[in-house]
Amino acid sequence: MRIELSVNGVKHALDIEERTTLLDALRDHFALKGAHAGCEHGVCGACTVLVDGMAVRSCLMFAPQAEGSTITTIEGVTPGPGELSPIQDAFCETHGMQCGYCTPAMVLTAHALLAGNPAPTREQIVEAISGNICRCTGYAQIVEAIALAAERMRGANAPVEPRR
Amino acid sequence: MSEHQFRFVASDRRVREDRRFVAGKGNFVADVDLPGALHVALVTCPHAAARITSIDKRAALKIPGVHYVLDGAELAAGTDVLIAGLDTPNVPRRPLAFEVARYSGEWVVAVVAETRAQAEDAAEAIEIDYEPLPFVLDAEKAMEKGSPLVHEAHGSNVLLDKTFVWGEVEKDFAASPRKLALRVKWGRSSTVPIETFGVVARWDSWRDILDVWASIQMPRYAEQIAAALKIPATSVRVHYDVDVGGSYGVKRGIKHSVLVGYLARRLGAPVRLIEDRLENMRGGDAHGPERLFDVEVAFDNDGIVRSMKLRALENLGAYAGRSPFQLGKPIGAIVGPYKIKSVEYRALAVVTNKTTQDAVRGFGQGPTNLALERAMDEIANKLKLDRLEVRRRNLIHRDEFPYLIPSGTTYDSGDYETVIAKVLADTNYDELIKERDRLRTDGKLAGIGIAACLEPSGGNATFEALLNPKITTSTFMDSCRLNVDGNGTITATMHTTSSGQGHETLVGTVIGEVLQVDPDVVRVTRPDSLNSLPSGTPVGSRMAIMLGGAAFHAAQKLKAKLTAIAAHDLGIPLERAVYEQGNVYDRDKPANRRTWAELVGIAYRNMHRMPAGMEPGLAFSHIYPVPTGGTLPTADGRVQMYPCFSFEFHLVLLSIDPDLGTPEILRYRVGHDCGTQINPKIVRGMTMGGIAHGIGAALYEEFAYNDEGQLIAQSFMDYLLPSSHEVPAVKIIDHETPSPLTVLGQKGSGESGYLGAPAAIANAVNDALKPLGITINTLPLKVSKLGDLIAEARGK
Amino acid sequence: MKAAPFAYSRPADIDEACALLAADDGARVIAGGQTLVPMMAMRLARPTRLVDIARIASLSYVREDKGGIAIGACTRQCVIERDALVAKRLPLLARAIPFIGHAATRARGTIGGSLAHADPAAELPLIAVTLDATLSYRAGGKTGDIAARDFFTGLMITALPAGACLTGVRFPVWHGEKVGVGFHEVNARRSDFAFVAAAAQVDLDAGGKCRRIAIGIGAATDVPIRLESAERQLTGGALDEKTVSEAVRTALADIEPLDDLHASAAYRRRAAATLAARAIADAKADAHAH
């Protein structure tokens, strides 16, 4: 089946089997490897991407369902080669990761949270990332990263939306 | 900030690996795209035990995109059995079941197709006839006469039954006024990384090289692949620059790798197996310990423990690689942080028709610490003494180190009382008790849990020789190569994969510290296995000690050579030459100096200015043997095991809803001492993550089986991983008692938190349920179980 | 875990959707996909065709309807979560929605999808039964309504006719002065499927006596149930703790709770009583606050 997907601001046509998930389409057809498969049944959240600005599980969408939506991946919120967004930089500052596997999902979830709530409480941050499982960090440094990012962005008047 | 003599070590530096991860630019195995790669999907056995009577591949082979269907018979004919740890030749292990399948989920047939989806379509079309066989799931039943045998040829289900007696156990028991016995069960769980195991292999028949990319954490990986495939080890090239998405011990995928290696050679195309979650949970062979402890302690009326008898019975699952050694490693800290003078330890491991285990974080120490700490609490309860006080009376004191324990290991250093005091200064223990009592008055069940546990670190794996006398390995090492090029830039190499521990940052920091240069200028690379020096890989909480040690010494060699070149060129005796931040000057006349650039220039381009006989260039390597290594067990089973001992003290306040049985952790404090912390951000992350793992093992996670031998917790819907809601805010209170044995005083911290959290939580739950007369010694402590016990006790 | 192959259609309207469903009895509706896609990934569900109705505009709405509130089947849970009309008129629904899955699943999941799937532990079926909602469907050219209490007939089985597509659900609104709600769940982890859930809505008269009460229990049995005997017993009373506890316990005495890996039948029965009592207490306090 031929479909058209809008990923990180660019429209692409692709020929895929209907059963290809959005996750697999991004990884295999767009070579966007930042979204990761952790369970393929919608529990771990490692596959998180933004669809129309909302964090969703890309393993729970078939690619044809994503036609007509705006899809943003971790590659789409990275400002440029070697450059980090304020959220990404905050994650590096607090060491809000270890193996890095759940990290793009966490960063995108943070993006979605802060876009709607620039001053989240600790509880709100915990709730926002509760659908993303991390096995490495025990979450503390991730929560701190998001709080730090929020604080810095409030101070800097920085936009949260992805550049592209 | 720390007040250290260090410049870079122990300071709050960013972890350099983080940059690529936040951008989604890690190099995970599933990201490795080789043109023309074929995909594997597995057909698994639905029965707990069955003879495989026929396999019909015809329908599968007709499916478009399918290239090959491999069965166990062909694979067995073309490969050697996988290497086991124990001497058990009649318990062979192969990637695909051969003639008999021994657990539900065991891999029976591998289908290879152009896409993973096609491979799964074809896997469904394979028709296999099975003749179900009797099976056994329970470890105690597996030991009984008449039990079904998992491996007929072995004659029994017991793979290991070894008893050690260290000290005068019977005498000490007879002389003790008090004894108590308890049974503690560590339920089957594992560390379950979010990334499953994956391996990609490609055979180059012109160079006779099998290239392997894998999400691997395993010593002697390349060797084992080569041995099974019956090719020289120099024909296997493992790429260590794959980022591993979490492992915590379990990513040993040797059966996956042999399978894929075989197929890559057979088919002449790259082959890729990325486990899906169902393959991983049921048949990935990454389950963790399922251990039953029978503990007997002999003590006096003041709570001083004189002696201990411990029987540890492990339910291995259907096969065994290194997993039985998880009964041996705890021997190196068998008395925990306590001065128990004699110990009898019986290590029993049996096979059953469950999924095979592999190494899990702590390698058996977590379950053992649970047994020890439950015993300490029960001693206190029996004597009606405070549980913290009983521990204090038994702890090894700071001035008693190095401390030799009955099983032959010497603990390097420690200051347990100070760590505990620091935690109690932060959280007043008496106030905590009052808070608990207030909760009880409000109608909640509330309890305080304590655990004082050791984290052995360094990976001197002499438990191998202890449990398998045929093994005489006493060398455990790691390595680092350092090269300064003709422009003066520094590159260091490390020779293994990492799964989030920040090893590149570790190496850069240590080298920067020795050379007194910014760690960020040190490039750290990971050559492949053919270009590597020996590495024991990240196991046994060893890398800070071992890789840190190797990097340290390599850098010292560089520093020494630069100093020697400078002294010679300055025309001064060596003793007068002082190295400082890459430059060398004359102590007596500091204006006489050679800069880093000048020294590099001499080494590379001015042979005429070099000391006679000195090699040009600035290349060094160091292979660092484990401190206290080099000995084998005595005849009575005593041996030095790991060199360094970190300490953790957990203090938990927990409440349980009496009507629902739901536990809630209200306060969590942990005192942590791992000596010098090379990178505090990394150490903190390890401890927090370990506590999260421990919370999972204590309260949520279980590979549960039904009576038919089916794994009923086979997806994340039923195997429950702690989310951010389940991990409370934890305050870590640090202390540093350096190790006298390591280059910077560092001890390991890769297993911290996990080794003590389950014990602390179990103790808190028991304290909460004590007013109802309930004792519960089985993990996980699930909501429904707690609810039912409480209801029963209340007579409802 | 790749799904078995299927064809995909995105009909422009409900008529086209129904025609596709009628033409192939292996065809299934997909809206949010949050429950269907995992089942397909595990090959437990193998539709021959997916009929994607998510973007049929006429199926996504929240509006007043004959004194009640009607919600289109394809209305996303996150939209309902933020809707002002729902917050005002259907407080019990508003209270329960945050318990559904995670924000990421509510971003895609629809109310119709959850109702049609009928997982015993799902919150929306419980709310529908507790509030006596009416579910509407289209099958071929015909439309029909099914009362919520008749809709859920077994474990993940509904009374939807073959080839039918849910189009919407209508919730009656309680118009009293003092209407209050309560909702409680127990699970292993905060966002898991519940072991047991309890929903309660009360309408108190000026003197604080219970004029009307609805009590629903979910996840304890294979379909959500109402505790009708308790409702009758508690109507007209003060909803004091002792009477509530007794009434609820009696009503639960004869249920056949589910027994599985996560919770025993005995646990579910006891927890249902505890949660029902708590939900009623919360509803009473909530009503008094108005």
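Residues numbered from 1 in each chain as written. Chains lettered and ligands numbered in written order. Predicted model: local features only at pLDDT ≥ 70, side-chain atom pairs only at ≥ 80, totals over all residues.

1. Concerning the overall build of chain B
And then number 1: Broken down by element type, chain B carries 20 helices and 28 strands.
And then number 2: What you see for chain B is a C-alpha radius of gyration of 28 Å, in line with the 28 Å of a compact globule of 796 residues.
And then number 3: C-alpha atoms of chain B, sized along the principal axes, occupy 90 × 75 × 50 Å.
And then number 4: Within chain B, the proportion of its 796 residues that are buried is 60%. (Helix = DSSP H or I, 4+ residues; strand = E, 2+ residues; numbered from the N terminus. Rg over C-alpha atoms; globule rule 2.2 N^0.38 Å. Buried ≥ 20, exposed ≤ 12 C-beta atoms within 10 Å, placed from the backbone.)

2. Here's the deal with the overall build of chain A
And then number 1: In terms of helices and strands, chain A carries 6 helices and 5 strands.
And then number 2: Each helix and strand of chain A, placed in order from N terminus to C terminus, yields the pattern β-β-α-β-β-β-α-α-α-α-α.
And then number 3: Taking 15 Å as the expected radius of gyration for a compact globule of 164 residues, we find that chain A reaches 15 Å, a close match to that expectation.
And then number 4: When its C-alpha atoms are laid out on the principal axes, chain A stretches across 45 × 30 × 25 Å.
And then number 5: Taking all 164 residues of chain A together, the buried fraction comes to 65%.
And then number 6: Expressed as a percentage of contacts within chain A between residues at least 6 apart in sequence, the contacts between residues at least 24 apart total 60%. (Contact = placed C-beta atoms within 7 Å.)

3. Thoughts on the domain arrangement of chain B
Interface size is often expressed as the accessible area that is lost when the parts come together.
All names here are of chain B.
And then number 1: Partitioning chain B into domains gives domain 1 (18-23 + 477-625), domain 2 (32-133 + 194-246 + 252-283) and domain 3 (291-463 + 632-793).
And then number 2: Distance from the C-alpha centre of domain 1 to the C-alpha centre of domain 3: 39 Å.
And then number 3: Contact residues are listed per partner, giving 18 residues for domain 1 and 21 residues for domain 3.
And then number 4: Breaking the side of domain 1 that touches domain 3 down by element, the ones donating at least two residues are helix 15 (503-515) and helix 16 (543-570).
And then number 5: It is helix 16 that provides the largest number of residues to the side of domain 1 that touches domain 3, a total of 6 residues.
And then number 6: For the side of domain 1 that touches domain 3, a count of residues per class yields 8 nonpolar, 9 polar and 1 charged. (Domains from an automatic or database assignment. Nonpolar A, V, L, I, M, F, W, Y, C, P; charged D, E, K, R; others polar.)

4. Comments concerning the sheet that holds strand 8 (residues 178-186) of chain B
All names here are of chain B.
And then number 1: Pairing in this open sheet of 5 strands is mixed, and the strands run 7-15-14-13-8 from one edge to the other. Of all strands in the sheet, those bounded by a partner on one side alone are strand 7 (158-166) and strand 8. Sheet twist, expressed as the average angle between the axes of neighbouring strands with direction ignored, equals 10°.
And then number 2: Here strand 8 pairs with strand 13 (residues 291-299) via 9 bridges, running antiparallel. Across the sheet, residue Trp-186 finds its bridge partner in strand 13, namely Arg-291. (Pairing = 2+ DSSP bridges. Axes fitted to C-alpha atoms, helices over the stretch in contact; angles between N-to-C directions.)

5. A few points about the domain arrangement of chain A
All names here are of chain A.
And then number 1: Structurally, chain A comprises domain 1 (2-77) and domain 2 (86-156).
And then number 2: Domain 1 puts 15 residues into the contact, and the matching count from domain 2 is 13 residues.
And then number 3: Among the elements of the structure, strand 3 (48-51), strand 4 (54-57) and helix 2 (74-77) are those that each provide at least two residues to the side of domain 1 that touches domain 2.
And then number 4: The leading source of residues in the side of domain 1 that touches domain 2 is strand 3, at 3 residues.
And then number 5: Looking at the side of domain 1 that touches domain 2 residue by residue, the classes come out as 10 nonpolar, 5 polar and no charged.

6. A look at the interface of chain B and chain A
And then number 1: At the junction of the two partners, chain B supplies 42 residues and chain A supplies 43 residues.
And then number 2: The set of elements that each furnish at least two residues to the side of chain B that touches chain A consists of helix 1 (18-22) and helix 18 (680-700) of chain B.
And then number 3: Looking at which element gives the most residues to the side of chain B that touches chain A, the answer is helix 18 of chain B, with 7 residues.

7. Remarks on the packing of helix 7 (residues 221-229) of chain B against helix 8 (residues 254-267) of chain B
Residues and elements named next belong to chain B.
And then number 1: Running from amino to carboxyl end, helix 7 crosses helix 8 at an angle of 50°, the nearest separation of the two axes being 10 Å. One way to sum up the angle between helix 7 and helix 8 is to call them oblique. In the packing of helix 7 onto helix 8, the handedness of the crossing is right-handed. Facing helix 7, whose interface residues are Gln-224, Ile-225, Ala-228 and Leu-229, helix 8 presents Ile-254, Ser-257, Val-258, Gly-261 and Tyr-262.
And then number 2: Tallied by class, residues from the contact of helix 7 with helix 8 come to 6 nonpolar, 3 polar and no charged. (Parallel < 35°, antiparallel > 145°, perpendicular 65-115°, else oblique. Left-handed = near helix turned anticlockwise from the far one by under 90°.)

8. A look at the nonpolar core
And then number 1: Grouped together as the largest cluster of nonpolar side chains are 412 residues, with contacts concentrated most on B:Val111, C:Val196, C:Ala200 and C:Ala276.
And then number 2: It is helix 16 of chain B that provides the largest number of residues to this core, a total of 15 residues.
And then number 3: Core analysis: the next-biggest nonpolar cluster, separate from the first, contains 7 residues, B:Ala286, B:Ala359, B:Val360 and B:Val539 among them. (Core = buried A, V, L, I, M, F, W, Y, C linked by C-beta atoms within 7 Å.)

9. What about the interface of chain A and chain C?
And then number 1: Taken together, the contact between chain A and chain C spans 20 residues of the former and 23 residues of the latter.
And then number 2: Of all the elements, strand 4 of chain A adds the most residues to the side of chain A that touches chain C, at 4 residues.
And then number 3: Here the side of chain A that touches chain C is composed, by residue class, of 8 nonpolar, 7 polar and 5 charged.

10. Thoughts on unusual backbone geometry
And then number 1: A cis amide bond links B:Phe401 to the next residue, B:Pro402, at an omega of -5°.
And then number 2: Inspection of the secondary structure assignment puts B:Pro402 in the loop between helix 11 (387-394) and strand 16 (403-404).
And then number 3: At A:Glu40, a residue that is not glycine, the phi angle is positive and equals roughly 60°.
And then number 4: Within the fold, A:Glu40 resides in the loop between helix 1 (22-29) and strand 3.
And then number 5: Residues other than glycine seldom take positive phi values, yet A:Tyr139 does so here, at roughly 75°.

11. A word on the confidence of the model for chain B
And then number 1: Averaged over all residues, the pLDDT of chain B is 97; the fraction at 70 or higher stands at 99%.
And then number 2: With a pTM of 0.97, the predicted complex shows an ipTM of 0.97. (pLDDT = per-residue confidence, 0-100.)

12. Considering the environment of C:Gly140
Residue and element names in this part refer to chain C.
And then number 1: With respect to the secondary-structure elements, Gly-140 resides in the loop between strand 6 (134-139) and strand 7 (142-147).
And then number 2: Judged by the 13 C-beta atoms lying within 10 Å of it, Gly-140 falls in the partly exposed class.
And then number 3: Along the chain, Gly-140 and Ala-19 lie 121 residues apart, while their C-alpha atoms are 6.2 Å from each other.
And then number 4: Those residues within four positions of Gly-140 in sequence are excluded, and the remaining contacts are Cys-18, Ala-22 and Gly-163.

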